[in-house]
Each structure stands twice: as C-alpha cells, then as structure tokens.
Amino acid sequence: MDGPHGAAVSAVDFGLKGPRGWAFRGIGITAGPGSLIAVEGPSGSGRTCLLLALTGRMRSTEGTATVGRHRLPKQLAAVRRISGLGPVPGVTDLDPALTVAEHLRERAFLERRFEGSLRGLLRPRKERATESRLRIDTALRAAGLDVEALPKGSRTAVRDLERLEALRLSVALALIARPRLLGVDDTDLKLSDAEREAAWDLLRSIAANGTTVVAVCSEAPEDTVVVSTAPRAEADVRETADTGDARAATDAADAADATDATDATDAADAADAADAADAADAADAADHSDDHDTDHDTDDDKETADAVAEARRA
C-alpha cells in the first residue's frame, strides 16, 4: 500500500547474478511508504547493485521485488519513473567543472523536457520557468543546502564543495523530479562522525516528509530498516563464533565448578583423615598408658612378695 508520496518496498529471495557470480542473493525486505531503508554490508558485497536493482536500473535474476505497485524485474521502466538517484559513483557523478547553479538548471531542464507531460511543454515559457525555480527551491530546502552560504554562492564549482555539501547537492538534484523512492549510495563514506550524523538526519527528514529512502552504508543506524548484503557464510561464521564463545564460557564455568567440588572433597577427605589419625593416636596413647600402668602394678607386686619373704626369714 502506497502513501501520498512514498512507495512501499518489498522483496523475497531477491538476487542478481552476473558474469562473475552472485552480486547479491537471498535479500528480503518489508518496508512501508516513507521508510528509511539502510543497505548495510562490507565493500564489494553487492550493496550498490541492490540499490540500482531496487530503483529499476539493474535487472535482477532471482526472486521478486515490488516498488509501489510495480513488480521487479518485469516493470523496470515504471520503477525508474517513480524513483530517483542521489550520489552513486559511476552513475550520477557531478561534473567538477560545473557550478552549483549550472547543475540545478540542467537538471530542471531535463526534467521538464523528458519527464514532463506534453501539456506542460505547451505552457508559456514564463510559467515553465517559474515552475522550474519552484522545484529547485523546494529541492534545496529538502536537501538542507544553503546556496548563499557557499564560498561563491550559486557560482561555486563542484570541485570546491565539501563532501557533505556535494552529498546535499546530489540529493537536491534527485528531489527536483519529486521521486517516491530516493536512492543514495555511500552515505557515510569519507565523513566525520558529525557529518555522518548530519547526513542521516537529512535522510530521516526526507523520509519523514513521505519519500521512501534507500541508503547504502557500512554501518546502519538503529532506527532504520536494515537490509544486509553480507555473505551468508560470513554471517554463519559470526554466529558460530558467538556460539563457540558461549560454549567455551559454559565449559570454563563447569570446569571451575568441578575444580571447586574436587577441592572441597579433597579438603573433606583430608579433614576426615586427620580426625582418624588423631583418634588412632589417642587410642595408642591410651594403650601405652594402660601398658605402663600394668607394668608398674607388676613391679609393685614383686616388691611386696620380696618384702614378705624377707620378713619370714627374719
């Protein structure tokens, strides 16, 4: 179900296989209109290919996906008409020699010439120019790019823009077409922590205004719909490692408990042995004492008998 601006995105076992093997495979997505979808994964895991496939720029070879009411891969052209691309290296690169104003005017002209209706092309020139300025201003506000704050204003060349400013310009160019789905590649590439947070705030605001956003990143924020392109084997290894660590910790705890029990048993045995030894010593002492008393009594009897015999002789 679509919202007033954004397009819902869903995918089941979505994959793309090229001449060198699988670019991505087994992708599942469920995101409503106006969602912020973060495509997370290591470099080379097919993140950009997935972004291009979801925006109708690449044809998938496995599974199905739906963008709005259009199904992929059968309706690529329809998906392209409702989606736009922000910065994607090798696809939507900015011309470093052109100024900010030149980029904006060119994109507005192309949008009016090729994407607009025939009735729009027949409107008076002044009316078309007003519409273009309105679209540009709206896109700049949505992208958070203050042209007047740039070093040379709208005449600033792209080569003189900071990384975050170039990102905002690319997003603004895509928003001129008023897409229902916006794709952004390398969202957090070469950005400081503060700039990275500002970039995500920008995408959150666009999604909050109704446009569904698909952003490629190395690490996804917690408040996004996360889609991972990490190889399944890597995920399995990570899960196995976590399970192994837990099992090792359990074994160590069991070994410690067994050692404690053994120590306690040994201590008890030692105490019992000590008590038994003390009892034996006491018994030996008593027997020795009895033997000594018996010997002493025997000596007394002999002395008495000798004394009686001596008295009789006398």
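Figured I'd write up the structure that's included with this text. (Residues numbered from 1 in each chain as written. Predicted model: local features only at pLDDT ≥ 70, side-chain atom pairs only at ≥ 80, totals over all residues. Heavy atoms only, no water.)

## Some details on the sheet that holds strand E4 (residues 62-67)
Piece 1. Taken together, the four strands give an open sheet; going across it, the order is E2-E1-E4-E5, and neighbouring strands pair in antiparallel fashion. On the outer flanks of this sheet lie strand E2 (21-31) and strand E5 (70-72), each paired with one strand and no other. Strand-to-strand twist of the sheet, defined as the mean angle between neighbouring strand axes without regard to direction, takes the value 25°.
Piece 2. Two elements, strand E1 (residues 9-18) and E2, share seven bridges in a ladder whose sense is antiparallel. Directly across from Ala11, in E2, lies its bridge partner Ile29.
Piece 3. Helix-sheet contacts for helix H1 (residues 47-54) involve E1, E2, E4 and E5, and the interaxial angle to E2 is about 55°. (Pairing = 2+ DSSP bridges. Helix = DSSP H or I, 4+ residues; strand = E, 2+ residues; numbered from the N terminus. Axes fitted to C-alpha atoms, helices over the stretch in contact; angles between N-to-C directions. Contact = heavy atoms within 4.5 Å.)

## Some details on H1
Piece 1. Among the eight residues that make up H1, six are buried, leaving the element largely enclosed by the rest of the structure.
Piece 2. Within the span of H1, buried status applies to Arg47, Leu50, Leu51, Leu52, Ala53 and Leu54. (Buried < 20%, exposed > 50% of the residue type's maximum accessible area, 1.4 Å probe, protein only.)

## Brief notes about the side chain of Thr211
Piece 1. Relative to the helices and strands, Thr211 resides in the loop between helix H7 (193-208) and strand E8 (212-217).
Piece 2. Setting aside chain neighbours within four positions, we find Thr211 in contact with His5, Gly6, Gly34, Ser35, Pro179, Arg180, Leu181, Leu182 and Ile206.

## Focus: the packing of aromatic side chains
Piece 1. Tallied over the full model, the rule gives one aromatic pair.
Piece 2. The interplanar angle of 45° and the centroid separation of 5.8 Å between the aromatic rings of Phe14 and Phe24 together place this pair among those described as tilted. In this pair, Phe14 sits in strand E1 while Phe24 sits in strand E2, placing the two residues ten residues apart along the sequence. (Phe/Tyr/Trp six-rings, centres within 6.5 Å; stacked < 30°, edge-to-face > 60°.)

## Concerning the packing of helix H6 (residues 163-175) against H7
Piece 1. Look at H6 against H7: their axes get within 10 Å of each other, and the N-to-C directions meet at 15°. Relative to H7, the element H6 is oriented roughly parallel. Helix-helix and strand crossings are classified by hand; for H6 and H7 the assignment is right-handed. Note on element contacts: H7 touches H6 through Glu195, Ala198, Ala199, Leu202 and Ile206, opposite Leu164, Leu167, Arg168, Val171 and Leu175.
Piece 2. Here the residues of the contact of H6 with H7 are counted per class, giving eight nonpolar, no polar and two charged. (Parallel < 35°, antiparallel > 145°, perpendicular 65-115°, else oblique. Left-handed = near helix turned anticlockwise from the far one by under 90°. Nonpolar A, V, L, I, M, F, W, Y, C, P; charged D, E, K, R; others polar.)

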